[in-house]
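Coordinate inspection notes
Here's the letter readout for the chains.
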Amino acid sequence: MNTWLRAMAMTVCVAASTVAVGQEQRGTAEEAVALVKKGAAFYKANGKDKLAAEINSRSPQFQDKDLYLFMSPAAGGALIAHGANAKMVGKTLGDLRDVDGVNFVQKFREVANSKEGKGWVDYKWPNAKTGQLEQKSTYIERVDDVYIAAGVYKGK
């Protein structure tokens, strides 16, 4: 009986630590905003091309947990940088929709071109770390003629 109880206790501890690790790996809304602001400051200090190179090289300074930056022209056009999927760089994604038909790229541009030039867009997107389709909220902030963005996965 003691052996069984110890085995159960170990199983519960391992399961609890696995859940805790999974939760720690998710970025928060505050962290996404901070990452975008860090990218915007880098852009202002070093320019668009250097920021794009840093994002596309998956520089650790522009990734945190499951958060990564991406950058696109505010007026529309080809994606300039993507911190999780280099295959998307150079592609025009203006008609891209999620599984529910939400044209989230158009919504990104609307937020970027709004008076505030910043805000959030909700849609569904595969998690770059897990591959699972999840609800995502992306924070967008316009800098000059581009927007810089990072999204928070919220789970299924």
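Since we're looking at a predicted model, the values are computed, not measured.

A few words on helix α2 (residues 29-46). In a regular helix each residue adds 1.5 Å, so 18 residues correspond to 26 Å; α2 covers 26 Å between its end C-alpha atoms and thus fits that length. One or two positions beyond α2, positive phi appears at Gly-47, with a value near 95°.

What follows covers the packing of α2 against helix α3 (residues 48-56). Their axes nearest at 7 Å, the elements α2 and α3 cross at an angle of 135°. Considered as vectors, α2 and α3 are oriented oblique to each other. From α2, Gly-39, Phe-42, Tyr-43 and Asn-46 reach across to α3, where they touch Lys-48, Lys-50, Leu-51 and Glu-54. When its residues are assigned to classes, the contact of α2 with α3 shows three nonpolar, two polar and three charged.

On to the nonpolar core. Nonpolar side chains tend toward joint burial in soluble globular proteins. The biggest cluster of nonpolar side chains holds 20 residues, and the ones touching the most others in it are Tyr-43, Leu-51, Leu-69, Met-71 and Ile-148. Elements with a minimum of two residues in this core: α2, α3, β2 (67-73), β5 (133-143) and β6 (146-155). For this core, the element with the highest residue contribution is α2, accounting for six residues. If we ignore the near neighbours within four places in the chain, the residues touching Ile-148 are Val-36, Gly-39, Ala-40, Tyr-43, Leu-51, Leu-69, Phe-70, Met-71, Tyr-139, Ile-140, Glu-141 and Val-143.

Cut-offs and rules
- Residues numbered from 1 in each chain as written.
- Predicted model: local features only at pLDDT ≥ 70, side-chain atom pairs only at ≥ 80, totals over all residues.
- Heavy atoms only, no water.
- Helix = DSSP H or I, 4+ residues; strand = E, 2+ residues; numbered from the N terminus.
- Expected span 1.5 Å × (residues − 1).
- Axes fitted to C-alpha atoms, helices over the stretch in contact; angles between N-to-C directions.
- Parallel < 35°, antiparallel > 145°, perpendicular 65-115°, else oblique.
- Contact = heavy atoms within 4.5 Å.
- Nonpolar A, V, L, I, M, F, W, Y, C, P; charged D, E, K, R; others polar.
- Core = buried A, V, L, I, M, F, W, Y, C linked by side-chain atoms within 4.5 Å.
- Buried < 20%, exposed > 50% of the residue type's maximum accessible area, 1.4 Å probe, protein only.

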